[in-house]
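Chain residues, written in single-letter form:
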Amino acid sequence: MTDYRQLSMDVGAASADVKKEVTVLANASALIYAAMDGLNWCGFYLADGETLYLGPFQGKAACTEIPFGKGVCGTAAVRDASVLVYDVHQFSGHIACDSASNSEIVIPIHKNGEFYGVLDIDSPLIGRFREEDREGLETVIRALEAALDKSNCGVR
Ligand code: SME
């Protein structure tokens with residue numbers, strides 16, 4: 001089990017005094033990917049209007065745009081809530097970027113209280129993600145949001 005408290009501190013420390021959002025997100029994707037077992041993709045989709053655009057990530061090249069309401073990411077965006085998918089093949093509308101993916105978790109991100117995008121994590125294992133992971137990753141995202149709130153650069 002990932003030590004999410006440690007991971008939150010690592011994400012916070014890596015973001016300290018970083019001026020560019022893209023830099024914060026790039027290191028956060030690397031830290032999360034390295035800290036969790038059994039992943040094949042971990043990264044960010046960032047909102048612009050009602051579309052999510054691919055941001056920094058670890059893993060294979062992925063789809064570049066996801067409309068709000070589409071796929072697991074777009075569902076999390078319209079609900080503004082985390083979505084945990086035990087088996088992506090049972091999720092109607094799932095967008096398959098990497099055919100190796102079998103389970104997925106998506107956590108919404110806010111900047112200064114406004115919806116900003118999502119953290120998307122995929123696993124080749126069915127049922128990889130549990131409630132403990134959702135809670136832990138939401139803690140990690142709180143640390144990330146604190147860094148984004150401080151950064152005042154619009155670079156995405
Ligand atoms: N599976 C996602 C698409 C993004 S890839 O997993 C990287 C979805 O259904 O929204």
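Trainee: Account for the site of the ligand, with residues named and values stated.
Mentor: Neighbouring the ligand are 13 residues, the closest being Val72, Cys73, Ile95, Glu104 and Asp122. In the model, a nitrogen atom of the ligand is placed 2.7 Å from a nitrogen or oxygen of the Ile95 main chain. Between an oxygen atom of the ligand and a side-chain N or O atom of Asp120, the distance comes to 3.2 Å. For the ligand, the accessible surface in isolation is 310 Å², of which the surrounding protein chains cover 100%. When residues of the shell around the ligand are traced back to their parent elements, those giving at least two are strand E1 (41–48), helix H3 (71–79) and strand E6 (114–123). If you tally residues by element for the shell around the ligand, the top one is H3, at 3 residues. Classifying every residue of the shell around the ligand gives 8 nonpolar, 2 polar and 3 charged.

Trainee: Break down helix H1 (residues 4–15) for me, citing the residues and quoting the values.
Mentor: Between its terminal C-alpha atoms H1 stretches 16 Å, which fits the 16 Å expected from 12 residues at 1.5 Å a residue. Looking only at H1, the buried set comprises Tyr4, Leu7, Ser8, Val11 and Ser15. Along H1, the residues classed as buried sweep out an arc of 105 degrees about the axis, all on the same side. Away from its buried face, by an angle of more than 90 degrees, H1 presents the exposed residues Arg5 and Ala13. Where H1 is buried, its residues meet helix H2 (21–35) and helix H4 (131–150). Just downstream of H1 lies Asp17, where phi reads positive at about 65 degrees.

Trainee: Could you give an account of the environment of Ser82, naming the residues involved and the relevant values?
Mentor: Along the polypeptide, Ser82 turns up in the loop between H3 and strand E4 (83–85). Apart from residues lying up to four places away in sequence, Ser82 is in contact with Val106, Ile107, Pro108, Arg134 and Glu138. Within the structure, the side chain of Ser82 is placed 2.6 Å from the side chain of Glu138, a separation counted as a polar contact.

Trainee: Residue-level account of the nonpolar core, with values.
Mentor: One finds Ile32, Leu119, Ile121, Leu137 and Leu144 to be the most contacted residues of the largest nonpolar core, which totals 25 residues. Elements that contribute at least two residues to this core include exactly H1, H2, E1, strand E5 (103–111), E6 and H4. The leading source of residues in this core is H4, at 6 residues. Apart from the residues lying within four places of it in its own chain, the contact partners of Ile121 are Ile32, Met36, Leu39, Trp41, Cys42, Ser103, Glu104, Ile105, Phe129 and Leu137. If you look at the next biggest cluster of nonpolar residues, it comprises 17 residues, including Leu52, Ala76, Val83 and Val106.

Trainee: Please give an account of the sheet that holds strand E2 (residues 51–59) that cites residues and values.
Mentor: The sheet built from 6 strands is open, its strands ordered E3-E2-E1-E6-E5-E4 with antiparallel pairing. Lying at the two open borders of the sheet, with one neighbouring strand each, are strand E3 (65–67) and E4. Here the average twist between neighbouring strands, direction ignored, is 25 degrees. Where E4 lies against E5, 3 bridges are found, and the strand directions are antiparallel.

Trainee: Can you explain the pairing of E2? Please cite residues and give values.
Mentor: Here E1 runs beside E2; their pairing, made up of 7 bridges, is antiparallel. Bridge pairing in E2 links Trp41 to Gly59. Linking two consecutive strands that pair antiparallel, namely E1 and E2, is a turn of 2 residues; a positive phi of about 65 degrees is found at Gly49 within it. Relative to E3, E2 runs antiparallel, the two sharing 3 bridges. Bridged to Leu52 within E3 is Ile66. Between the antiparallel neighbours E2 and E3 lie 5 residues.

So, how was this worked out
- Residues numbered from 1 in each chain as written.
- Predicted model: local features only at pLDDT ≥ 70, side-chain atom pairs only at ≥ 80, totals over all residues.
- Heavy atoms only, no water.
- Near = heavy atom within 4 Å.
- Polar contact = N/O pair within 3.5 Å; in protein donor to acceptor, adjacent residues only side chain to side chain.
- Areas by Shrake-Rupley, 256 points an atom, 1.4 Å probe, with all protein chains shown as cover.
- Helix = DSSP H or I, 4+ residues; strand = E, 2+ residues; numbered from the N terminus.
- Nonpolar A, V, L, I, M, F, W, Y, C, P; charged D, E, K, R; others polar.
- Expected span 1.5 Å × (residues − 1).
- Buried < 20%, exposed > 50% of the residue type's maximum accessible area, 1.4 Å probe, protein only.
- Arc of directions from axis to C-beta.
- Contact = heavy atoms within 4.5 Å.
- Core = buried A, V, L, I, M, F, W, Y, C linked by side-chain atoms within 4.5 Å.
- Pairing = 2+ DSSP bridges.
- Axes fitted to C-alpha atoms, helices over the stretch in contact; angles between N-to-C directions.

The quantities given are spatial measurements derived from coordinates; they are silent on function.
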